[in-house]
Amino acid sequence: MGSGGLELPPGDEGHEGNSADVPPGTVSLARPMETTSIGPELDWDADAWREVRTRAQRAGRAYIWLNLVEQRLRAVVAAVLRPIYEPVHGDEWVIAAAGPAGQEWVQRAVAVREVSRRKGYLLDPADDNVLSFLTLPQLRELMVQHWPCFEPYVDDRRDVELALDELEVTRNVVSRNRALSEAVLNQAERASARLLDALGAGGDVPSARRLPVDAVEDLVGDRYADVVAVHPDRVRLLRQFPAEDIFGGARRLDAVGIGLDLLVQNFSGRRLVRLAEAGCRVRLLFLNPASSAVKRRERELGMKRGELSRAVEMNILHMRRVRSRLRDPGAFQIQVYDETPRFSAYLVDGDGADGVAVVQSYLRRSRGMEAPVLVLRNGSRVVKSDEKNEGVDSGLFPTYREEFETAWVDSRPVS
């Protein structure tokens with residue numbers, strides 16, 4: 001007997017498909033499908049999984065940036081407004097600062113805080129305050145309402161508001177788990193970096209002026225030693241990290257490889273002259289174009305005999321012309337080595353904490369333009385998750401720097 005007073009039909013085979021045997025007043029129930037696995041209509045193919053992972057990766061990056069901005073803005077609001085309202089209103093200083101215009105959303109934050117207290121969602125006592133439950137738009141409203149209080153600390157109100165406007169689109173998409181396009185993600189990352197800089201939380205890594213510290217690197221960089229970027233080939237490297245950004249403004253440049261095409265063909269001789277005249281010390285280490293190692297490399301790549309040696313020789317002649325135009329040729333050294341080439345490395349400011357390196361391994365069947373590229377940042381690691389490892393130089397940068405110095409000692413100068 002069902003809860004509504006109707007009799008359910010029996011499930012035995014004697015009543016299956018025979019309406020004449022069904023007693024009056026009964027309700028017909030559909031039998032479950034006798035399947036043992038999920039049908040193909042509920043399964044995800046490879047393309048669907050790829051799309052889901054792409055969405056998750058973009059949303060994860062955006063969330064990290066939004067989280068950093070919100071925490072920074074919360075700290076700024078507390079530092080500026082708490083000394084004004086807390087002496088009079090005590091723990092309710094946020095409610096007082098919101099004023100009549102913000103009563104609705106601040107009371108909502110108070111209610112959410114109380115629910116979180118009762119359900120045990122407040123894991124850190126430092127978060128047991130109304131300010132921790134305000135969203136990014138509400139923090140912005142507090143700043144706008146009290147702009148005269150913030151003006152001495154923030155240069156341009158318009159820049160801050162424009163950056164927050166750009167972030168609101170991303171915040172809305174991420175909070176609702178919607179699809180986030182790459183263009184919007186890039187805009188959000190730029191806006192976040194600009195806003196953090198305006199709020200006095202710019203990156204303090206010395207090499208950030210040459211290679212900006214990414215928010216994800218800042219949080220999980222210790223997982224990857226000092227590797228900050230990996231590119232499948234040199235073309236994609238130069239799209240995101242142009243030669244001017246790599247070499248421009250360097251005070252020291254050490255490079256080792258076969259023909260050093262990344263420098264010679266992508267950074268003009270005129271710029272190299274200006275760089276050296278400005279005080280940059282340059283050491284370039286080419287593979288000897290007359291060595292047997294060049295011939296072996298030509299065979300590996302399937303090149304015509306003498307093709308690679310001529311290309312290397314032309315690059316060396318070009319660098320010699322650059323050196324001849326300098327008032328101090330000793331600041332621009334060119335040498336050659338005769339060993340088997342194993343990698344190319346461009347170490348920019350490698351003697352300091354602001355150094356950056358671009359490294360490629362030589363593959364048997366791939367030219368330098370086609371080989372994968374690693375970008376390294378000098379110094380151990382940007383963030384150390386374990387304080388016991390602090391001060392331990394565990395990155396790849398010093399390894400390639402030591403290899404360069406060893407090869408330089410064993411090489412011969414080019415007159």
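This text goes with the structure placed above it.
All figures in this text were calculated on a predicted structure; none of them were measured in a lab. Sequence order as written defines residue numbering, which begins from 1 separately in each chain. Totals for whole chains, interfaces and linings use all residues, but because this is a predicted model, local features are given only for residues with pLDDT of at least 70 and pairs of side-chain atoms are given and counted only at 80 or more. The side-chain quantities take in all heavy atoms of the structure and omit both hydrogens and water.

Trainee: Where do I start with the pattern of salt bridges in this structure?
Mentor: Pairing of side chains with opposite charge becomes possible as their charged atoms draw close. Any Lys or Arg side-chain nitrogen found within 4 Å of a carboxyl oxygen on Asp or Glu counts as a salt bridge. Summed over the entire model, instances satisfying the criterion amount to 27 salt bridges. Residue E104 pairs with R108 through a salt bridge whose shortest N-O separation is 3.4 Å. Here the residue E104 and the residue R108 both occupy positions in helix α3 (residues 103-119), the gap between them amounting to four residues, near one helical turn. Close ionic contact of R283 with D254 constitutes a salt bridge, the shortest N to O distance being 3.0 Å. Numbering of helices and strands runs from the N terminus, with a helix taken as a DSSP run of H or I at least four residues long and a strand as a DSSP run of E at least two residues long.

Trainee: Is there a simple way to think about the sheet that holds strand β3 (residues 281-287) in this case?
Mentor: One key point about sheets: their strands pair by backbone hydrogen bonds, in either a parallel or an antiparallel sense. Only when DSSP finds a minimum of two bridges between them are two strands counted as paired. The eight strands are arranged β1-β7-β6-β5-β2-β3-β4-β8 in an open sheet whose pairing can be described as mixed. The two strands at the open ends of the sheet, each matched to only one other strand, are β1 (227-231) and β8 (412-413). Note: strand β4 (residues 332-337) against β8, two bridges, orientation antiparallel. Pairing of V336 across the sheet is with R412, part of β8. Residues are treated as being in contact if the distance between any of their heavy atoms lies within 4.5 Å. Angles here are taken between N-to-C directions and fall from 0 to 180 degrees, while the axes themselves are lines fitted to C-alpha atoms, restricted in helices to the stretch in contact. Strand contacts of helix α14 (residues 307-324): β3 and β4, with the helix running at about 160 degrees to β4, the strand carrying the most contacts.

Trainee: Can you help me understand the side chain of R74 in this one?
Mentor: Within the element layout of this structure, R74 appears in helix α1 (residues 46-89). Burial classes follow relative accessibility: with a 1.4 Å probe on protein chains only, a residue under 20% of its type's maximum area counts as buried, one over 50% as exposed, and anything between as partly exposed. Residue classification places R74 among the buried positions, given a relative accessible area of 16%. Once residues lying within four places of it in the same chain are set aside, the contact partners of R74 are L131, S132, L134 and L139.

Trainee: I keep staring at unusual backbone geometry and nothing clicks. Help me out?
Mentor: Backbone geometry follows two general trends: most residues other than glycine have a negative phi, and most peptide bonds adopt the trans configuration. A positive phi is found at N177, a non-glycine position, where the angle reads about 55 degrees. Tracing the sequence through the fold places N177 in the loop between α6 (157-175) and α7 (182-198). For N177, a relative accessible area of 65% gives the class exposed. For L260, which is not a glycine, the phi torsion comes out positive at approximately 55 degrees. With respect to the secondary-structure elements, L260 resides in the loop between β2 (252-256) and α11 (261-264).

Trainee: Before we go on, may I ask you to explain the packing of aromatic side chains in this structure?
Mentor: For any pair of aromatic rings, the description rests on two quantities: the centre-to-centre distance and the angle between the ring planes. Any two rings among Phe, Tyr and Trp, with Trp reduced to its six-membered ring, count as a pair given centres within 6.5 Å; such a pair is stacked if its planes are under 30 degrees apart, edge-to-face if over 60, and tilted if neither. Tallying each qualifying case throughout the model produces five aromatic pairs. Where W44 meets W49, the ring centres are 4.9 Å apart and the plane angle is 80 degrees; that geometry is what we call edge-to-face. A ring pair is formed by F343 and Y400, whose centres lie 5.1 Å apart and whose planes are at 75 degrees; its orientation type is edge-to-face. Here F343, found in strand β5 (residues 343-348), pairs with Y400, found in helix α15 (residues 397-409); they are 57 residues apart in sequence, far enough to count as distant. Classification of F343 by relative accessible area gives buried; the value is 13%. Judged by its relative accessible area of 17%, Y400 falls in the buried class. Among the aromatic residues, those joined into a cluster by ring pairs are F247, F267 and Y346. The cationic tip of R283 hangs over the ring face of W408; the distance from NZ or CZ to the ring centre is 5.4 Å. Two conditions define a charge sitting above a ring: the NZ of Lys or the CZ of Arg must be within 6 Å of the ring centre, and it must be within 35 degrees of the ring normal.

Trainee: Which parts of the structure should I look at to understand a positive patch on the surface?
Mentor: On the surface, K295, R296, R299 and R305 cluster together to form a positively charged patch. Looking at the secondary structure, you find R296 in helix α13 (residues 292-301). Given a relative accessible area of 35%, R296 falls into the partly exposed group. Every patch collects residues that have over 30% relative accessible area and no salt bridge, joining them within 9 Å if they carry like charges and within 5 Å if they are nonpolar side chains (Val, Leu, Ile, Met, Phe, Trp, Tyr). All accessible-area figures derive from a Shrake-Rupley calculation using a 1.4 Å probe, and residue coverage is judged against the displayed protein chains alone. Under the counting rule used here, the positive set is Lys and Arg, the negative set is Asp and Glu, and His together with the chain ends is not counted. The atoms used to mark charge sites are NZ of Lys, CZ of Arg, CG of Asp and CD of Glu.

Trainee: I would appreciate a short explanation of the nonpolar core in the present structure.
Mentor: One broad rule of soluble globular proteins: the nonpolar side chains tend to lie buried together. Residues belong to one nonpolar core when they are buried, are Ala, Val, Leu, Ile, Met, Phe, Trp, Tyr or Cys, and are joined through side-chain atoms within 4.5 Å. F247, L263, L284, F286, M319, F332 and Y346 are the most contacted members of the largest nonpolar core, which has 59 residues in total. If we skip the residues at most four places from it in the chain, F332 touches L272, A276, V282, L284, M319, V322, R323 and L326. In this structure, V69, W93, V110 and F133 belong to the second largest nonpolar core, which totals 44 residues.

Trainee: Help me understand helix α12 (residues 269-277) in this model?
Mentor: In an α-helix, one turn spans 3.6 residues; hence positions three or four apart end up facing the same way. Those residues of α12 that fall on the buried side of the exposure criterion are G269, R271, L272, V273, L275 and A276. On the buried face of α12, the contacting elements are α10 (243-247), α11, α14 and β4. Just downstream of α12, G279 is the residue with a positive phi angle, here 115 degrees.

Trainee: Could you clarify how one ought to interpret the pairing of β4 in this entry?
Mentor: Two faces make up the sheet, and in a regular strand the side chains alternate between them. Buried residues dominate β4, accounting for five of its six residues. Taken together, the six bridges between β3 and β4 define a ladder with parallel strand orientation. Bridging from a neighbouring strand, L285 pairs with Q335 of β4.

Trainee: Can you help me understand the environment of D47 in this one?
Mentor: Positionally, D47 belongs in helix α1. At 2.6 Å, the side chain of D47 and the side chain of R50 are in polar contact. N or O atoms within 3.5 Å of each other form a polar contact, as long as, within protein, one can give a hydrogen and the other can take it, and as long as residues adjacent in sequence are counted only when both atoms are side-chain atoms.

Trainee: What's the story with the packing of helix α4 (residues 136-145) against α6 in this structure? I'm lost.
Mentor: Two quantities define a packed helix pair, namely the angle between the axes and the distance from one axis to the other. Running from amino to carboxyl end, α4 crosses α6 at an angle of 165 degrees, the nearest separation of the two axes being 11 Å. Overall, the two elements α4 and α6 adopt an arrangement that is roughly antiparallel. Crossing of α4 against α6: the hand is left-handed. Only R157, V160, E161, L164, D165, E168 and R171 of α6 make contact with α4, whose side of the interface consists of L136, P137, R140, M143 and V144. Each residue gets one of three labels, nonpolar for Ala, Val, Leu, Ile, Met, Phe, Trp, Tyr, Cys and Pro, charged for Asp, Glu, Lys and Arg, and polar for the others, Gly among them. Split by residue class, the contact of α4 with α6 holds six nonpolar, no polar and six charged. Any angle that is under 35 degrees is reported as roughly parallel, and any over 145 degrees as roughly antiparallel; angles of 65 to 115 degrees are reported as roughly perpendicular and all others as oblique. A clockwise turn of the near helix away from the far one marks a right-handed crossing, whereas an anticlockwise turn of less than a right angle marks a left-handed crossing.

All we've got here are geometric facts, nothing functional implied.
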